[in-house]
Structure formats: C-alpha cells, structure tokens
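# Analysis of the macromolecular model
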Amino acid sequence: MAATMARSGLVKLCCASALLLLGCFLLPGALAEERFYEFVVKETLVKRLCKSQKIVTVNGQFPGPTIEVYSGDTLAIKAVNLAPYNVTLHWHGLRQLRNGWADGPEFVTQCPIRPGGSYTYRFTTQGQEGTLWWHAHSSWLRATVHGALIIHPRRGLPYPFPKPQMEAPVILAEWWMRNPIAVLRQSMITGAPPNVSDALLINGQPGDLLPCSSQETSIIPVVAGETSLLRIINAAMNTELFVSLAGHRMTVVAADAMYTKPFETDVVLLGPGQTTDVLVTAHAAPGRYYLAARAYASAQGVPFDNTTATAIFQYKNAPGCPTASAGAGAFSGPVGRSTRSSGHLGRAGPQPMLPFLPAFNDTNTATAFSNSLRSPAPVKVPGPVTQEVFTTVGFGLFNCRPGPFCQGPNNTRFGASMNNVSFQLPNTVSLLQAHYHHIPGVFTEDFPAFPPVFFDFTSQNVPRALWQPVKGTKLYRVEYGAVVQMVFQDTGIFAAEEHPMHIHGYHFFVLATGFGNYDPRRDEAKFNLVDPPSRNTIGVPVGGWAVVRFVADNPGVWLVHCHIDAHLTGGLAMALLVEDGEAELEATIAPPLDLPICVL
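Residues numbered from 1 in each chain as written. Predicted model: local features only at pLDDT ≥ 70, side-chain atom pairs only at ≥ 80, totals over all residues. Heavy atoms only, no water.

Inclusion rule: UniProt positions are given in the numbering used here, feature names are shortened, and annotations may be inferred rather than shown by experiment.
Per an unreviewed UniProt entry, the recorded name for the protein is Laccase, and the organism is Sorghum bicolor. Checking UniProt for the protein, the heading Function (unreviewed entry) contains the comment "Lignin degradation and detoxification of lignin-derived products."

The following block contains the structure:
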C-alpha cells in the first residue's frame, strides 16, 4: 500500500514537473496578446510659429499615438480615413513576414485608403524588439502623420543592458508654415526641388529658440542619479539630423530596433527613417539642459532647414524649476495603449544649457558615429552571395522646354534614379496585387543589376549626357532563399549627398561603407564579417558607397528607396520581387478581404 502511494506520488510529481516544463516552453507564446487600435486620420487645427493651420493627424494628435507592445503580440490597427486625401500607413522596420499586405506603401503593396474608407492592418511582431515607428506612406502626409512603435522584450525577459528607470520617445520632424501637400504639388508642377521646411521639431514642438514656442517646448523630466532610455526617431521628411544633449554623455544601445555594442558619444546622427536608443544617466548638477537637433546637410550648395530644435532635459525638484507630477512627459502610459508624445510643463525655470552641435557639413563626425555601430556579439553573416545588385543612387535632371513647368536647374525638371531608372508608381493597382494576381502590364522585371554605363560616379564633373534618367516601373526578381548583396553607390550628378536607403520587409547587415567609387577588388577587404550592425535604413555616405547583405526569406514585393521624400518623389526607388519558396510557409499569404479597392 505504501509502495503504491509512493508510486502514485511519484507519478503526480513527474506530471507536475512535465507540465511545468511544458509551461516554460509555451509561456512566451502563451503570454502574447492581440491588441486592437483605431487610428482616425483627420484634419486638426494646430498652432506653431505663431500661426494656426490645419494639418492631417491621427486621433487629433501630433505626433501621433505611441504604440507600446511586447514582442510576439499581434496587432490589428483600423485606419479610418476622414481626411481629404488618400492615405496608407507603413510600420517602418517591421519585417511583415509573408504579409506585404500590411506593409503600407501606396501602390506598392496596396491601393490607398480613399477619403471615407478604412482598412485594418493586421500583423505580428515576430522576433523583433526595440524602437520602430509608423508613418503615412502616401504623398507627403508623413510630415504630420507619424508616431513611435515600441516593442518591448517578451514578458519576463530583460533588456540586454541595465533596466532604465524611465523611457521616452524623442521624435524629430520638420514643419512647414503651409500645407506640405501644397509644397509637394508646387514642386511637381514646376519641376523644381520642393521648398525646405520652416522649422525642425522635437516631439511636435520647435523649442525655445523659435517664435511662439517657449511655453510648449517639450520637457523630459528626470531624477538625479537615475538612467533614462531615450528612443530617438528621425521622422523628418528631408533632413538628416545631429542630436546632442548638454552636460551629459549618451550610450548608444540600439539602432533600428537592433541591439548594438554599447558605446558612448556626445552626438547621434540619424537619417530620415532611422532610430537610435541611448541611455543617459542624470549625473549632472540638477537643473535644465537642452536636447537639441540640427541638420546634417551633406550636399554642397543645396538649401536646407538651418533652424535648431530644442527640448528640455529637466531634473525634478531642481532649484528654480517647476515641480512635475509623476510621469509628466515621461511617456509612461500603459503598455499597449496609445499615449501622447510630449509633456508641457511651461517655460518657468533657469535658462537651460545648450549642447555642442557639429557644423551642418561635418561629414567626419557623421562618419565616425556611423562607423561606431556594431552588433553586440559575433554574428553569422550569410554567404556565399548568390545574387548581387550594384546600383547607383542619386539625382537626375529631365530635359524640357524652358517655361513655368521647367524651373529646375538650367530649365530642367528635377528627378532622381537608381541605375538610371527613375521609378514610377502605378496608379490603378498595386505592384503586389499585380504580382499575386498575375495582372500583366503593370511592371517589368528588368531592373538592371548593374549601372548601364560605368563612369566616375563621384566626380563633380559628370558629363551632361549622363544626367537624364529614364522613367520606368522596373522590378528586380530575387529567388527565395537567395543571399543578396546590394551595393549602393552615390553619384555626383547635380550634387553628391548622403542618402538614407530603406529596404522594406528586411533587416540587413551593413558590411562596409566608404568614399569614392566602390571597387570590389579593393573594398571587399574592408568587409566586417564578424560583428556588422543590422539595420533597416542605411546612410550611403556623400560621394561614397555602402554594401549590405541579407537572405531573401520574405516573399512579396518590397520597396527599396531613399527615405528623403523629396528624392523618393523624384524617383529614387526600385522594388524587389522576392519569389515564393517551395513550402507553404514560404509563400505570400492571401490578401485580406478588406484590402482597399483600386479605382480603375
């Protein structure tokens, strides 16, 4: 009897242990949740720089709502378009595995949501954590339609660095004192580059240095001795930005939602589309310190927004400073709920200290920062390369008759291209729909894998015969599972400039960057095959090149483009058509039933 009871107890103990062990394996997935949001896109009256004007917002907020979730969570975001423009939303940096239908670029993966319409973006945050962001991907609406998307580690898992006491998104943007859509339309009519913005913003505000802005300057409250995690996002349309914080060093711990080997810096550089996470310990004398952003303008002789945006890094209970309520401006809303993106505590208090910011053309500082980024540990770089694309990226000018529609340089129309192809979006059906449903005549698959003409790409005297690109909707077909290496080569046509190149649907390893013309015989020796950083947007150096590599494991049609919107509008883009694999889970999923209807 005793033996029987002992065996019974042993069985129960073993079963309990087995269930506990099974629960340990299932716990991360079991704790994943499905979260629903409603994003109402509508016009809202706001006031900046002493002037009230209507802008397009989400839920009446500018910047838009911050979304916070855990890795593994599934999101359903219903976009309701009450604005007078077509709109789509893009979840920048999310891989959208097999699910291009949720990626968002207009006429690439979907037709736009028409005024009065709606569409629900459904996707899962698979294997990603860190700071991403969302934005409109239709016309120039992302100037005001954007917000942070923060993916925390799975429940119960820590950061790979000491947990900060406070976290705050820092969203950089640009502001025009007129409708950004009107700015774009003027450029498209005249053929001239679009007018530069009137101000830079931090969390929706220009800051103390610009008119009618002091009372609304964004405040980031901190406690002496505590460490804050600043999630910096460059949502600007056309401007790369230096960011610095007076009186404090920043420790970079992640970029583009990928952890990095930590390093200290006084200055952070972000191109449009990029994110950088930094830890800051409040070890300075209690007071007020400016967090400031200013342009890195790499193109010689090209106009840029020369303002400086500021926010205030403010110690709680510092002498002469107002007392902040707990969490004010600290972005501490419940995980998974949309929260406002700035705290306004007023202008009272001592004058903050300004940080040192590099000169607008300080390419050495920009290069030093970019070269400091490394993966936190050795990685397995995919290889050998099975498909390679060498593509130029840069400007072009279309010849035309002098007149009101030819107001670009020397009576031309401004353009841009990759491998001399100025990308043209379709306007009746999206590229992904045309591919999935085998609709002919929408695109061709002849994007050149190499420049049609090799020349001294970075020369300041490129022959005029090479300045005019050809227009086309050309895709590059990629075999599923291929190891793809892309070389982005800047050109000196019109003006060399740093180009932040974004590949939708993928993260990639940045093997090397450099200046001048890329030469594989010389430059392959510079490849970092040990701990290269992983990114979704890479700054191709002004007058230089960048080499990236990834495995084509995400089928669909994925846009590759410069994230400076003036350049994208000019045609600096192409698209990868990644084939389905042989297995069921290697194919693009079927389109959702509520995918916006295309208007023929």
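### Things to note about the UniProt feature "domain: Plastocyanin-like" (unreviewed entry) in the protein
Heads up, the rule is: Segments assigned H or I by DSSP are reported as helices when at least four residues long, segments assigned E as strands when at least two residues long, and all are numbered from the N terminus.
Sequence positions flagged by UniProt for "domain: Plastocyanin-like" (unreviewed entry) are, in local numbering, residues 41–155, 169–318 and 447–581. Annotation note: span residues 41–155, helix share 0%, strand share 46%, distance between end C-alpha atoms 31 Å. Secondary structure across residues 169–318 comprises 7% helix and 47% strand; the distance between its end C-alpha atoms is 23 Å.

### Topic: the nonpolar core
The test is simple: Only buried residues count toward a nonpolar core. Its members are Ala, Val, Leu, Ile, Met, Phe, Trp, Tyr and Cys residues joined through side-chain atoms within 4.5 Å. Any residue under 20% of the maximum accessible area for its type is buried, any over 50% is exposed, and the rest in between are partly exposed; the area is computed with a 1.4 Å probe on protein chains only. Contact definition: two residues touch when any of their heavy atoms are within 4.5 Å.
Phe488, Met501 and Ile503 are the most contacted members of the largest nonpolar core, which totals 88 residues. With six residues, strand β32 (residues 573–578) is the single largest residue contributor to this core. Apart from the residues within four sequence positions on either side, Phe488 is in contact with Thr391, Val393, Met418, Met501, Ile503, Ile538, Val540, Gly544, Trp545, Ala546, Val548 and Val560.

### Observations regarding the environment of Leu241
Along the chain, the position of Leu241 falls in strand β13 (residues 240–245). Taking the C-alpha atoms as reference points, Leu241 and Tyr518, separated by 277 residues in sequence, lie 26 Å from one another. Once residues lying within four places of it in the same chain are set aside, the contact partners of Leu241 are Leu172, Leu200, Asn234, Ala236, Val268, Leu269, Leu270, Arg294, Ala295 and Tyr296.

### Side note on the sheet that holds strand β3 (residues 67–70)
The line we're drawing: Any two strands are treated as partners once DSSP identifies two or more bridges connecting them. What counts as an axis is a line fitted to C-alpha atoms, over the stretch in contact for a helix, and the angles between N-to-C directions run from 0 to 180 degrees.
If you trace the four strands from one edge of the open sheet to the other, you get β3-β8-β7-β5, paired in mixed fashion. Because the sheet does not close on itself, it has two edges, and the strands there are β3 and β5 (89–92). Strand after strand, the sheet turns through a mean of 20° between neighbouring axes, direction not considered. Pairing of strand β7 (residues 130–136) with strand β8 (residues 146–152) involves six bridges; the strand directions are antiparallel.

### Observations concerning the sheet that holds strand β9 (residues 166–175)
By definition, the strands of a sheet pair up through backbone hydrogen bonds, in either a parallel or an antiparallel sense. The strand order across the open sheet built from six strands is β10-β9-β12-β17-β14-β15, with neighbouring strands paired in mixed fashion. The strands lining the two open edges of the sheet, one partner per strand, are β10 (199–202) and β15 (258–265). Taken pair by pair, the neighbouring strands of this sheet meet at an average axis angle of 25°, ignoring direction. Note: β9 against β10, four bridges, orientation antiparallel. Within β10, the position partnered with Ala173 by the bridge is Leu201.

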